[in-house]
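Each chain, written out:
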Amino acid sequence: MTGTPGAAATRDGEAPERSPPCSPSFDFTGKVMLLGDSGVGKTCFLIRFKDGAFLSGTFIATVGIDFRNKVVTVDGMRVKLQIWDTAGQERFRSVTHAYYRDAQALLLLYDITNKSSFDSIRAWLTEIHEYAQRDVVIMLLGNKADMSSERVIHSKDGETLAREYGVPFLETSAKTGMNVELAFLAIAKELKYRAGQQANEPSFQIRDYVESQKKRSSCCSFM
Ligand SMILES: Nc1nc2c(ncn2[C@@H]2O[C@H](COP(=O)(O)OP(=O)(O)OP(=O)(O)O)[C@@H](O)[C@H]2O)c(=O)[nH]1
């Protein structure tokens, strides 16, 4: 993430983007990557967040890597999230490894209806520890939570794994939008907090924030 107002995250060799000097459209940029096995719903998750839509129908696997930007406002600051959607297929791994290095946050998805995508999470975390920055923010997401009749991975299993690695956990649905906004908002808040705390700003713990928001939504769904 760059701390300079109006400056964007850059890849090696690229010039930073510039916004007009008097009206920067964001305060800082954070680079986020979506990771996980092929078919867990990374592209749909990104499209749900960016466009508020769900891509149903034929599954078209991502080739290589792609990205979309979205600006979110957290605590009065505009955070431009540059979100990289990676291909889950093994044959693209060497392409995506090159992008881990300058990511500030990683959303690691599995599919709650697919055990092998959950079993792969440990291998993904090993790759992350090998290729990403040591202090990268990681969040574990159990996607396709709308498919309750086909569920094979219980929420508790996701929670236990997340706790073991000390990362926040959410179940999500790109189809219904459940927790999609919350996942990105929590990341944006964490990146904003890391970008530079203001005087008197209370400390921010992403796991506590996610847990408190989960409790809030489960309490309010009965109202
Ligand atoms: N029911 C349901 N289906 C989903 C959800 N998310 C994705 N899908 C479906 O799952 C399939 C795969 O989704 P993608 O987003 O293309 O998967 P991906 O992880 O990007 O796959 P790769 O590009 O190969 O890495 C598609 O048929 C989607 O419609 C979800 O939350 N609920």
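Residues numbered from 1 in each chain as written. Predicted model: local features only at pLDDT ≥ 70, side-chain atom pairs only at ≥ 80, totals over all residues. Heavy atoms only, no water.

Caption draft 1: Region of interest: the packing of aromatic side chains. Throughout the structure, instances matching the rule amount to nine aromatic pairs. Between Trp84 and Tyr99, the ring centres sit 5.1 Å apart and the planes meet at 35 degrees, which makes this aromatic pair tilted. One end of the pair, Trp84, is in strand E3 (residues 77–86); the other, Tyr99, is in helix H2 (residues 93–100), and 15 residues separate them in sequence. For the ring pair Tyr110 and Phe118, a centre distance of 4.8 Å and an interplane angle of 70 degrees mean the geometry is edge-to-face. Judged by relative accessible area, which is 15%, Phe118 ranks as buried. Three or more aromatic residues joined by ring pairs make a cluster, and in this case those are Phe45, Phe49 and Phe184. Taking the ring centre of Trp84 as reference, the NZ or CZ of Lys31 above it sits at 5.0 Å. Sitting above the plane of the Phe49 ring, Lys70 keeps its charged end 4.6 Å from the centroid. (Phe/Tyr/Trp six-rings, centres within 6.5 Å; stacked < 30°, edge-to-face > 60°. Helix = DSSP H or I, 4+ residues; strand = E, 2+ residues; numbered from the N terminus. Buried < 20%, exposed > 50% of the residue type's maximum accessible area, 1.4 Å probe, protein only. Lys NZ or Arg CZ within 6 Å of the ring centre and 35° of its normal.)

Caption draft 2: Molecular detail of the confidence of the model for the protein chain. For the protein chain, the mean per-residue pLDDT works out to 87, and 85% of the residues sit at or above 70. Between residues 1–20, whose pLDDT stays under 50, and residues either more than four places distant or in other chains, the model counts 42 contacts. Interface scoring of the predicted complex returns ipTM 0.99; its pTM is 0.88. (pLDDT = per-residue confidence, 0-100. Contact = heavy atoms within 4.5 Å.)

Caption draft 3: Quick peek at the environment of His97. Mapping His97 onto the fold places it in helix H2. In the structure, His97 is positioned 47 residues away from Lys50 in sequence and 24 Å away in space, judged by C-alpha atoms. What His97 contacts, discounting residues up to four positions off in sequence, is Glu127 and Tyr131. Reaching out from His97, the side chain makes a polar contact with the side chain of Glu127 at a distance of 2.9 Å. (Polar contact = N/O pair within 3.5 Å; in protein donor to acceptor, adjacent residues only side chain to side chain.)

Caption draft 4: Expanded view of the pattern of salt bridges. Inspection of the entire model under this criterion finds 14 salt bridges. The closest approach of N and O atoms between Glu164 and Arg122, which form a salt bridge, is 2.8 Å. Taken together, the residues Glu164 in helix H5 (residues 155–165) and Arg122 in helix H4 (residues 121–131) connect sequence positions 42 residues apart. (Salt bridge = Lys/Arg side-chain N within 4 Å of Asp/Glu carboxyl O.)

Caption draft 5: Layout of the sheet that holds strand E5 (residues 137–143). Pairing within the open sheet is mixed, and its six strands lie in the order E2-E3-E1-E4-E5-E6. Both outer strands of the open sheet, strand E2 (65–74) and strand E6 (169–171), are each paired with one neighbouring strand and no more. In this sheet, neighbouring strand axes are inclined to one another by 25 degrees on average, regardless of whether the strands run parallel or antiparallel. Relative to E3, E2 runs antiparallel, the two sharing ten bridges. Following the sheet pairing, Phe67 is matched in E3 by Trp84. Seen against the sheet, helix H1 (residues 42–51) touches strand E1 (28–35), E2, E3, strand E4 (105–111) and E5 and runs at an angle of roughly 40 degrees to E2. Contacting E1, E2 and E3, H2 crosses the sheet at an angle of about 150 degrees to E1. (Pairing = 2+ DSSP bridges. Axes fitted to C-alpha atoms, helices over the stretch in contact; angles between N-to-C directions.)

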